[in-house]
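Okay, here's what each chain looks like letter by letter:
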There are 2 protein chains.
Amino acid sequence: MKLNFVLAESALELIPKEILKTPAVVSDARRRGVDPSRILLDRSIHHSAMAKLRDSEKKGRPDLVHAVLLSVTGTPLYLDGSVKVFVHTNKDVVLELAEKTRIPKSYFRFRGLVEKLLSEMSDEGIIKAYQSRIRDLVKKIGSGKVIGLSVQGRQTGLEELAEKVVASKSPCVIVGGFPHGHFTRETLSVVDELARVHEMPLEASVVAARMVYEIEKSLTRTND
Amino acid sequence: MKLNFVLAESALELIPKEILKTPAVVSDARRRGVDPSRILLDRSIHHSAMAKLRDSEKKGRPDLVHAVLLSVTGTPLYLDGSVKVFVHTNKDVVLELAEKTRIPKSYFRFRGLVEKLLSEMSDEGIIKAYQSRIRDLVKKIGSGKVIGLSVQGRQTGLEELAEKVVASKSPCVIVGGFPHGHFTRETLSVVDELARVHEMPLEASVVAARMVYEIEKSLTRTND
């Protein structure tokens, strides 16, 4: 089994044109000595400028994406080469990590790397950036069962989900890379099963960590 | 059960006196407009200055501490008020989080908060900073079973450890808050059982997330 892990509609984008000239953005760009159009939108810095944006509450959380990537890429399953990670953003950009790629643990370095990738849509060797809708991404992955995790799904135990994942040859697990709100209709359309894994709404990084762990446990049981 | 979670000997400290005047530190302080003595030591920024420090390889990883705190404080067990978190540092400072305290997800805000706490040894309401050796901390917690997680321990399944934790009324789990190296003799002296939870050496945040998750599962089984 090779797991395809997709962080969907992630709150990861460069400062949008509409707010390039707002005070919060201009002063941040000046302090960093960087062109504002090459800066990652970050609610903890650009909050006051973000009110003008559509779907503002789903945006500007590079820290959330970083936390999810750390929680997945530190697992034995990932280090083993059994997880392929795709970060799909709310602007339909995909960052595709080569197998076993470690991402910077320092937030500064992570930010620098992602700003370069999104500004240049370049291929930093171990991470490729390209334009793709989630529908096309899932088609390209050509995966078997596609499981989406969402508070809107049917409550299902993580163990049970893990068994289904492991039974598929090329399963795909989709987690939302945003802090509030729900999957778009397009994302829902590619999902075979929508599951809620806890009574409480949990952070994406916690859900991702637990899902990968249960998949590891399920694989160990299968191999025994 | 109430879990006491201790991140021990954490790589979290202000810039030590010996390197206050090194170029990497001076330029960072100038860029941030902050006194160098109030800045967190961070390998991703101060690497070149750190070679002079003793036990340098165990130091300067506030990002690691942040990742562990995020992975523990996002769990249902913590949100429920059933985990008390203590960050013990390599300088014998303890940051004690009030129950259910959420820490900033943005690394910038986390850094600002910790710099204030360590500079002023103050009580920021929800987080208290005070001087304490780990021996005194564990005595103060007055916990039952103390389990340390380390690659030097005896290989033990996380489920088995979780059962032991849950059987104790006020258990204590100790995880190392540093990137390399091992617990000091003092830390080892307070541990009742030293366990290794995987063949691979795993990051503290991954181990902490899994430990808390297995404790939750064990509690659910016990309550059924």
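Residues numbered from 1 in each chain as written. Chains lettered and ligands numbered in written order. Predicted model: local features only at pLDDT ≥ 70, side-chain atom pairs only at ≥ 80, totals over all residues.

Least-squares fitting of chain B to chain A yields an RMSD of 0.0 Å, with the transformation described by 0.0 Å of translation along the axis and a rotation of 180 degrees. Each copy turns onto its partner about a two-fold axis. A high fraction, 100%, of the interface residues of chain B reappear at the interface in chain A, so the copies pair face to face through one surface. (Least-squares fit on C-alpha atoms with pLDDT ≥ 70 in both. Contact = placed C-beta atoms within 7 Å.)

Moving on, we come to the interface of chain B and chain A. Listed as interface residues are 24 residues of chain B and, on the opposing side, 24 residues of chain A. Going through the elements one at a time, helix H3 (62–73), helix H4 (76–79), helix H5 (107–120) and helix H9 (204–223) of chain B are the ones with two or more residues in the side of chain B that touches chain A. Residues of the side of chain B that touches chain A, tallied by class, amount to 12 nonpolar, seven polar and five charged. (Helix = DSSP H or I, 4+ residues; strand = E, 2+ residues; numbered from the N terminus. Nonpolar A, V, L, I, M, F, W, Y, C, P; charged D, E, K, R; others polar.)

Our next topic: the packing of helix H1 (residues 23–32) of chain B against helix H2 (residues 43–50) of chain B. All names here are of chain B. Contact geometry of H1 with H2 gives a least axis separation of 7 Å together with a crossing angle of 145 degrees. On H2, the residues that touch Ala24, Val25 and Asp28 of H1 are Ile45, His46, Ser48 and Ala49. Tallied by class, residues from the contact of H1 with H2 come to four nonpolar, two polar and one charged. (Axes fitted to C-alpha atoms, helices over the stretch in contact; angles between N-to-C directions.)

All names here are of chain A. Spatial strand order, E4-E3-E2-E1-E6-E5-E7: seven strands in an open sheet with mixed pairing. Pairing within the sheet leaves two strands with one partner each, and these edge strands are strand E4 (127–131) and strand E7 (193–196). This sheet shows a mean twist of 30 degrees between the axes of neighbouring strands, independent of strand direction. Both strand E1 (residues 3–10) and strand E2 (residues 83–89) contribute to a ladder of six bridges, which runs parallel. Residue pairing across strands places serine 10 opposite threonine 89, the latter belonging to E2. Most of the contacts of helix H7 (residues 158–167) go to strand E5 (residues 146–155), to which it runs at about 160 degrees, and overall it touches E1, E5, strand E6 (172–176) and E7. (Pairing = 2+ DSSP bridges.)

Next up on the list: unusual backbone geometry. Residues and elements named next belong to chain A. Residues other than glycine seldom take positive phi values, yet glutamate 9 does so here, at roughly 55 degrees. If you trace the backbone, glutamate 9 turns up in strand E1. Of note in this structure, aspartate 92 is not a glycine but carries a positive phi near 60 degrees. Checked against the element boundaries, aspartate 92 lands in the loop between E2 and strand E3 (93–97). Given 16 C-beta atoms within 10 Å, aspartate 92 falls into the partly exposed group. (Buried ≥ 20, exposed ≤ 12 C-beta atoms within 10 Å, placed from the backbone.)

Turning to the nonpolar core, a few remarks are in order. In terms of nonpolar packing, the biggest core is built from 128 residues, with A:Val173 and B:Val173 touching the most fellow members. If we ignore the near neighbours within four places in the chain, the residues touching B:Val173 are B:Leu3, B:Phe5, B:Ile147, B:Leu149, B:Val165 and B:Met211. (Core = buried A, V, L, I, M, F, W, Y, C linked by C-beta atoms within 7 Å.)

This paragraph deals with the domain arrangement of chain A. Residues and elements named next belong to chain A. For chain A, the assigned domains read domain 1 (3–12 + 61–223) and domain 2 (17–58). Across the boundary between the two partners, domain 1 contributes 11 residues, which contact seven residues of domain 2. Counting residues per element, the side of domain 1 that touches domain 2 draws most heavily on helix H5 (residues 107–120), at four residues. Looking at the side of domain 1 that touches domain 2 residue by residue, the class counts come to four nonpolar, four polar and three charged. (Domains from an automatic or database assignment.)

Residues and elements named next belong to chain A. Summarising burial for E2: seven of the seven residues are buried, a large majority. The pairing of E2 with E3 spans three bridges and is classified as antiparallel. Looking at the pairing, histidine 88 lines up with valine 94 of E3. Here E2 folds back onto E3 in antiparallel fashion, the turn holding three residues, of which aspartate 92 has a positive phi close to 60 degrees.

It is worth spelling out the sheet that holds strand E5 (residues 146–155) of chain B at this point. Residue and element names in this part refer to chain B. Read from one edge to the other, the open sheet built from seven strands follows the order E4-E3-E2-E1-E6-E5-E7, with strand pairing classed as mixed. The sheet is open, and its two borders are formed by strand E4 (127–131) and strand E7 (193–196), each paired with just one other strand. Strand-to-strand twist of the sheet, defined as the mean angle between neighbouring strand axes without regard to direction, takes the value 30 degrees. The sheet contacts of H9 involve strand E1 (3–10), strand E2 (83–89), E5 and strand E6 (172–176), and relative to E6 the element is tilted by about 160 degrees.

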